[in-house]
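Spelled out from the first residue to the last, the chains are:
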Amino acid sequence: LSSPGLGHLIPVVELGKCLLTLNFKVTIFVVSSRTSAAESQVIESFISLNRCEVILLPPPDISHLVKPDAAVVTRLAVLMRETRPAFSSALSALSFAPTVLIVDLFGCEHMEVADEFKIQKLVYITMNAWFLALTLYLPILHESVKGEYVDEKNVLFIPGCKPLLPEDVVDPMLSRSDQQYWEYLNMAIKTRMADGILLNTWEELEPTTLAALRDHKLWGGISKVPVYPVGPLVPPTRPINSNKTELFDWLEKQPSESVLYISFGSGGLLSNEQMRELALGLELSQQKFIWVVRPPAESNDGSFFTTGNSSNDDEGVESYLPEGFLDRTKGVGFIISDWGPQVEILRHESVGGFLSHCGWNSILESIINGVPLIAWPLYAEQRMNATLLAEEVRIAVRPKTLPGREIVGREEIKMMLKTLMVDEEGHAMRGRVKELKSSGERAWNDDGSSAKALAHLLR
Ligand code: UDP
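In this report, the structure presented in the accompanying data block is examined. Everything numeric here is computed off the predicted structure, so don't read it as measured data. (Residues numbered from 1 in each chain as written. Predicted model: local features only at pLDDT ≥ 70, side-chain atom pairs only at ≥ 80, totals over all residues. Heavy atoms only, no water.)

What to know about the pattern of salt bridges
To keep things clear, this is the line we draw: Salt-bridge detection follows one rule: a side-chain nitrogen of Lys or Arg within 4 Å of a carboxyl oxygen of Asp or Glu. A run of H or I in DSSP counts as a helix once it spans at least four residues, and a run of E counts as a strand once it spans at least two, with each numbered from the N terminus. Only protein chains enter the accessibility calculation, which uses a 1.4 Å probe; a residue whose area is less than 20% of its type maximum is buried, one above 50% is exposed, and one in between is partly exposed.
Counted under the stated rule, the structure contains 20 salt bridges. Ionic pairing is found between Glu 112 and Arg 84, a salt bridge with its closest N-O pair at 2.8 Å. Taken together, the residues span a long stretch of sequence, with Glu 112 in helix α5 (residues 111-116) and Arg 84 in helix α4 (residues 84-92) at a distance of 28 residues. Classification of Arg 84 by relative accessible area gives partly exposed; the value is 23%. With a shortest N-O distance of 2.9 Å, Lys 121 and Asp 115 are connected by a salt bridge. Among the residues examined, Lys 121 registers a relative accessible area of 11% and is labelled buried. Judged by its relative accessible area of 40%, Asp 115 falls in the partly exposed class.

Below you can see the structure in the form of structure tokens.
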């Protein structure tokens, strides 16, 4: 069961494909009205395979249940809760008896449906092990930390794991008085009731955290749910759309690893001022780039439910870029409006860096193509992801201040680009990310860690 949003649907579909190769019959329930072109494409890529189907659950009207300015986490949680009767009916209407229900984090609400059907229930955390550790530990932090997490003077302790900086907490932990906090706490409690937890990560990417989660002495009293790292699950490349041949023709002509790709996932938006600084920083750096541009916005939640609709005519972007920017960067940079063929771009050998909002799918897609990053976290758990990349895995440069809270200036942007694309430090990151790429591939060899974890779970 996938909650709305491409960042959820994409890894759910990839897990579905993986289970198909193991001879399972797979039905994916998607809470969606299938309004975005990109989403339709992802769904089509699955339906075209054998022994699988997709059942769309139309999103119920929740306008009377949430305020118009409610956070994305609140809206998603309420939406999923309200979908429960429809999901239960759809499950009853299947022509076969399912044996296991797998829900994503927002689908935790539906695990009780598995109990009604007397089947196994698994939670698929489409993110990393450190995020899972925080989630499982949240009910304890909830009791032990008295005020707001962001006001804590010390780091937040998570047993056996890298501690969390108060400024890096996930969005729903920013304020206890916001409904999204209680929704997240509820998901944390429900996750501990699963029969197993699947993770889109692998042993060599997060060895310490995964070892901690398995350490009965450390975690036995918190959660006994077995954890199965089955990543990296990332989409394969698709044939290039005819309206993008110009982009790929240009990429073909660029030197190896010389182009920086910039994208803020399915929901990330920059403020007007930040877009301007980014554009001017790119210009100053003189590095080649491809930038997926969206209209600027006040709030970062703005486009979560609507991106991926672009007809890709790339018109209109001029109005929110500095005057003359497109002319001045002709031949140096490529602008794509709204939605780009990310996996295909990252796969291209001319691409040598990714300025990313640090959504977990984007990170995995970057690693699996051996591309180091500039970490530009905006929302959700992305600040944690950025810290993981910059401090633990050491494959990313990051700005001195948090983007979204303060404007990152053009000079700093220029310097980060130089560090990543030109300097020795960037070379070292490229070397490390290539090692991780190999370890991610090895994880799916017959005797690889993820293949073994999945086989163990299925047994
Ligand atoms: N994506 C894409 N084109 C874009 C932006 C995003 O194909 O222009 C895909 C990207 O490849 C990734 C997903 O959308 O698979 C975004 O997921 P992620 O976890 O990175 O971020 P989220 O959108 O959930 O914040």
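From this point on, the discussion continues.
Details of the environment of Ser 36
Relative to the elements of secondary structure, Ser 36 occurs in the loop between β1 (26-31) and α2 (37-47). Classification of Ser 36 as buried rests on a relative accessible area of 4%. Between the alpha carbons of Ser 36 and Gly 440 there is a distance of 30 Å; along the sequence they are 404 residues apart.

Describing the site of the ligand
Let me state the cut-off plainly: Here, proximity means that at least one heavy atom of the residue falls within 4 Å of the molecule or strand. Counted as a polar contact is a pair of N or O atoms within 3.5 Å, where, for protein atoms, one must be capable of donating a hydrogen and the other of accepting one, and residues adjacent in sequence contribute only when both atoms are in side chains. What sets the accessible areas is the Shrake-Rupley method with a 1.4 Å probe; for residues, cover comes only from the shown protein chains. Gly falls in the polar group here, along with every residue not listed as nonpolar (Ala, Val, Leu, Ile, Met, Phe, Trp, Tyr, Cys, Pro) or charged (Asp, Glu, Lys, Arg).
Not every one of the 17 residues close to the ligand is listed here, only the nearest: Ser 266, Gly 340, Ser 362, Glu 365 and Tyr 379. For the ligand, a nitrogen atom lies 2.7 Å from a polar atom in the backbone of Gly 340. At 2.5 Å, a side-chain N or O of Ser 362 approaches an oxygen atom of the ligand. About the coverage of the ligand: the protein hides 94% of its 530 Å² of free accessible area. For the shell around the ligand, the secondary-structure elements that each account for two or more residues are α1 (6-21) and α14 (360-367). A total of 4 residues in the shell around the ligand trace back to one element, the largest contributor, which is α14. Taken together, the residues of the shell around the ligand sort by class into 5 nonpolar, 11 polar and 1 charged.

A word on helix α7 (residues 179-191)
The condition that has to hold: An expected span of 1.5 Å times one less than the residue number is assigned to each helix. Residue contacts are defined here by distance: any two heavy atoms, one from each residue, within 4.5 Å place the two residues in contact.
The terminal C-alpha atoms of α7, which comprises 13 residues, lie 18 Å apart, in line with the 18 Å expected from a rise of 1.5 Å per residue. Gln 180, Tyr 181, Glu 183, Tyr 184, Leu 185, Met 187, Ala 188, Lys 190 and Thr 191 are the residues of α7 that are buried. Where the residues of α7 are buried, they touch α3 (72-82), α5, β4 (120-125), α6 (129-144) and β5 (196-199).

Description of the sheet that holds strand β3 (residues 100-104)
Adjacent strands of a sheet form backbone hydrogen bonds with each other and so pair up, either parallel or antiparallel. Counted only if it meets this: Pairing between two strands requires that DSSP report at least two bridges joining them. To obtain each axis, a line is fitted to C-alpha atoms, and for helices this fit is confined to the stretch in contact; angles are then taken between N-to-C directions over 0 to 180 degrees.
Taken in spatial order, the 4 strands make up an open sheet running β3-β4-β5-β6, and their pairing is parallel. The open sheet has two free edges, formed respectively by β3 and β6 (227-229), since each of these has just one partner strand. Within the sheet, the average angular offset between the axes of one strand and its neighbour, ignoring direction, is 25°.

A look at the sheet that holds strand β11 (residues 373-375)
Strands sit in the order β9-β8-β7-β10-β11-β12 across an open sheet of 6 strands; the sheet is parallel. With one partner strand each, in any of the chains shown, β9 (333-337) and β12 (396-397) form the two edges of the open sheet. Pairing geometry for strand β8 (residues 288-293) and β9, over 5 bridges, is parallel. Bridge pairing in β9 links Val 293 to Ser 337.

With respect to the pairing of β8
Stated precisely, the cut-off is as follows: By convention a crossover is right-handed if, when the strands point away from the viewer, the path from the first strand over the helix to the second runs clockwise.
In terms of burial, β8 is largely enclosed, as 5 of its 6 residues are buried. The pairing of strand β7 (residues 259-263) with β8 spans 4 bridges and is parallel. Bridged to Val 259 within β8 is Lys 288. Each parallel crossover has a hand, and for β7 linked through helix α11 (residues 272-285) to β8 it is right-handed.

Looking at the side chain of Ser 2
Along the chain, Ser 2 falls in the segment before α1. Excluding anything up to four places from it in sequence, Ser 2 contacts His 8, Leu 9, Val 12, Phe 29, Val 30, Val 31, Met 80 and Asp 104.

Remarks on the packing of α6 against α7
Filter applied, for reference: Should an angle fall under 35 degrees it is called roughly parallel, over 145 degrees roughly antiparallel, and 65 to 115 degrees roughly perpendicular, with every other angle called oblique.
Packing of α6 against α7 leaves a shortest axis separation of 9 Å and a crossing angle of 105°. The pairing of α6 with α7 is recorded here as roughly perpendicular in orientation. For the pair α6 and α7, contact is made by Phe 131, Leu 132, Leu 134, Thr 135, Leu 136, Leu 138, Pro 139 and His 142 and by Tyr 181, Trp 182, Tyr 184, Leu 185, Ala 188, Ile 189 and Thr 191, respectively. In the contact of α6 with α7, the residues fall into 12 nonpolar, 3 polar and no charged.

Everything listed here is a matter of coordinates, which is why it stays silent on function.
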